[in-house]
Amino acid sequence: MSTGTEGKKRGLLRGWLAAGVAGIGGWVQASPSGLNNIPTADTCPEQTAVFQTWEGFGGGEHAENWIGVKYGLFKNAEIGADWRTTGDPHLEPQFQAKYGVDIGEALPRLAVGIANVSGDTDRNGDPMPYGVLTYNVRQWFRAHAGYGFQNDNEGAFGGIDRMFKVAGLNLMLCGDVIQSDDGDNALLAPGLKIGPADGDMQGFWGTVLRHTAFETWTTYTTDGEAETYVAKLNLIVGF
């Protein structure tokens, strides 16, 4: 296999790992690359866009639909925006940006970013600066840990993920936890991501599946509120 083909496959896979999240009842709505309700130190590959749509429901609330996009602006730099399409959204975007740093081969990857940036903090909440580390533990699993500095809602977060190969697809099992309500409570979320097919998968469906990923997760709260659910579809496009 050529070096170019291998590079393209690695780029698509990293794009899936950086597919990102944002759940209703969660922590931020502008969704940086990450697991379920937390960001990780992953960033979109350079000149790659991830178009997303997701549905959140449960918790005794009406279902909400969101659309979004994140883009690898240059190496290790990601920008993105999300819009809610249900209720009374007025199509107001919420923005995010992140920059990652590879400290060293045997050290965690570091990223700093800001999420939930909008023109109406009364409606959408304050911006959320954060820092996060991602570390590959002996190729067994990846561990993530960070801290968010949102006004009146500061808190730590963490998570783990492990990827498997199943029938030519990349399957990730993951879970995360994040403090909420200014540290008084927490959100816990197990999830599943089914990501781009291997390059060896041929034909029409092989082409489609190499550029798509599906995610789903459930969020449980420690304050006694009902759980919420998210289903999310990602389309990965390189430029």
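Right, let's walk through the structure included here. (Residues numbered from 1 in each chain as written. Predicted model: local features only at pLDDT ≥ 70, side-chain atom pairs only at ≥ 80, totals over all residues. Heavy atoms only, no water.)

### Section: the overall build of the chain
Looking only at helices and strands, one finds three helices and twelve strands in the chain. Taking all 239 residues of the chain together, 44% fall into the buried category. In the chain, the proportion of contacts linking residues at least 24 apart, taken out of those at least 6 apart, comes to 47%. When the accessible surface of the chain is summed, it comes to about 11500 Å², and 60% of that surface belongs to carbon and sulfur atoms. (Helix = DSSP H or I, 4+ residues; strand = E, 2+ residues; numbered from the N terminus. Buried < 20%, exposed > 50% of the residue type's maximum accessible area, 1.4 Å probe, protein only. Contact = heavy atoms within 4.5 Å. Areas by Shrake-Rupley, 256 points an atom, 1.4 Å probe, with all protein chains shown as cover.)

### Here we look at the packing of aromatic side chains
Applying the stated criterion across every chain yields a total of five aromatic pairs. Seen from their ring centres, Phe74 and Tyr99 are 6.4 Å apart, and the 50 degrees between their planes marks the pair as tilted. Taken as a pair, Phe74 in strand E2 (residues 61-74) and Tyr99 in strand E4 (residues 94-102) lie far apart in primary sequence, 25 residues in all. Judged by relative accessible area, Phe74 falls into the partly exposed class, the value being 43%. Between Lys232 and the ring centre of Trp54, over which it is positioned, the NZ or CZ distance is 4.3 Å. (Phe/Tyr/Trp six-rings, centres within 6.5 Å; stacked < 30°, edge-to-face > 60°. Lys NZ or Arg CZ within 6 Å of the ring centre and 35° of its normal.)

### So, the sheet that holds strand E3 (residues 77-84)
Paired through backbone hydrogen bonds, the strands of a sheet run either parallel or antiparallel to each other. With antiparallel pairing, the twelve strands of this closed barrel are ordered in space as E1-E2-E3-E4-E5-E6-E7-E8-E9-E10-E11-E12. Between one strand and the next, the sheet's axes are offset by a mean angle of 20 degrees, whatever the strand orientation. In terms of strand pairing, strand E9 (residues 169-180) meets strand E10 (residues 185-197) through twelve bridges, oriented antiparallel. Note that in E10 the partner of Val177 across the bridge is Leu188. (Pairing = 2+ DSSP bridges. Axes fitted to C-alpha atoms, helices over the stretch in contact; angles between N-to-C directions.)

### With respect to unusual backbone geometry
In this structure, Asn116 is a non-glycine residue whose phi angle is positive, near 65 degrees. Positionally, Asn116 belongs in strand E5 (residues 109-117). Overall, Asn116 belongs to the buried group, its relative accessible area being 3%.

### Focus: the environment of Glu154
Mapping Glu154 onto the fold places it in the loop between strand E7 (141-148) and strand E8 (155-166). On the basis of relative accessibility, which here comes to 36%, the residue Glu154 falls in the partly exposed class. Placed 25 residues apart in sequence, Glu154 and Gln179 show a C-alpha to C-alpha distance of 7.8 Å. Beyond its immediate stretch of four places on either side in the chain, Glu154 contacts Tyr147, Gly148, Phe149, Asp182 and Gly183.

### What about the nonpolar core?
With 13 residues, the main nonpolar core has Leu35, Ile38, Tyr130, Val132, Phe157 and Ile178 as its most contacted residues. Mapped onto this core, the elements with two or more residues apiece are E5, strand E6 (128-137) and E9. The contact partners of Phe157, leaving out residues within four places of it in the chain, are Ile38, Pro39, Tyr130, Gly131, Val132, His144, Ala145, Gly146, Tyr147, Gly148, Val177 and Ile178. Trp54, Trp66, Ala189 and Val230 belong to the second-largest nonpolar core, a separate cluster that totals five residues. (Core = buried A, V, L, I, M, F, W, Y, C linked by side-chain atoms within 4.5 Å.)

### Observations regarding the environment of Asp126
Tracing the chain through its elements places Asp126 in the loop between helix H2 (121-124) and E6. For Asp126, a relative accessible area of 24% puts it in the partly exposed group. It is 6.8 Å that separates the C-alpha atoms of Asp126 and Asn116, two residues lying ten residues apart in sequence. Those residues within four positions of Asp126 in sequence are excluded, and the remaining contacts are Asn116, Thr121, Gln150 and Asn151.

### Regarding the pattern of salt bridges
Summed over the entire model, instances satisfying the criterion amount to five salt bridges. A salt bridge links Arg142 to Asp42, with the nearest nitrogen and oxygen atoms 2.9 Å apart. One end of the pair, Arg142, is in strand E7; the other, Asp42, is in the loop between helix H1 (3-17) and strand E1 (48-58), with 100 residues separating them in the sequence. Judged by its relative accessible area of 13%, Arg142 is buried. Note that Arg142 is salt-bridged to Asp161, the shortest N-O span being 3.1 Å. Pair noted here: Arg142 is in strand E7 and Asp161 is in strand E8, with a separation of 19 residues, a long-range link. With respect to burial, Arg142 and Asp161 carry one shared label: buried. If you follow the salt bridges from partner to partner, you end up with Asp42, Arg142 and Asp161 in one network. (Salt bridge = Lys/Arg side-chain N within 4 Å of Asp/Glu carboxyl O.)

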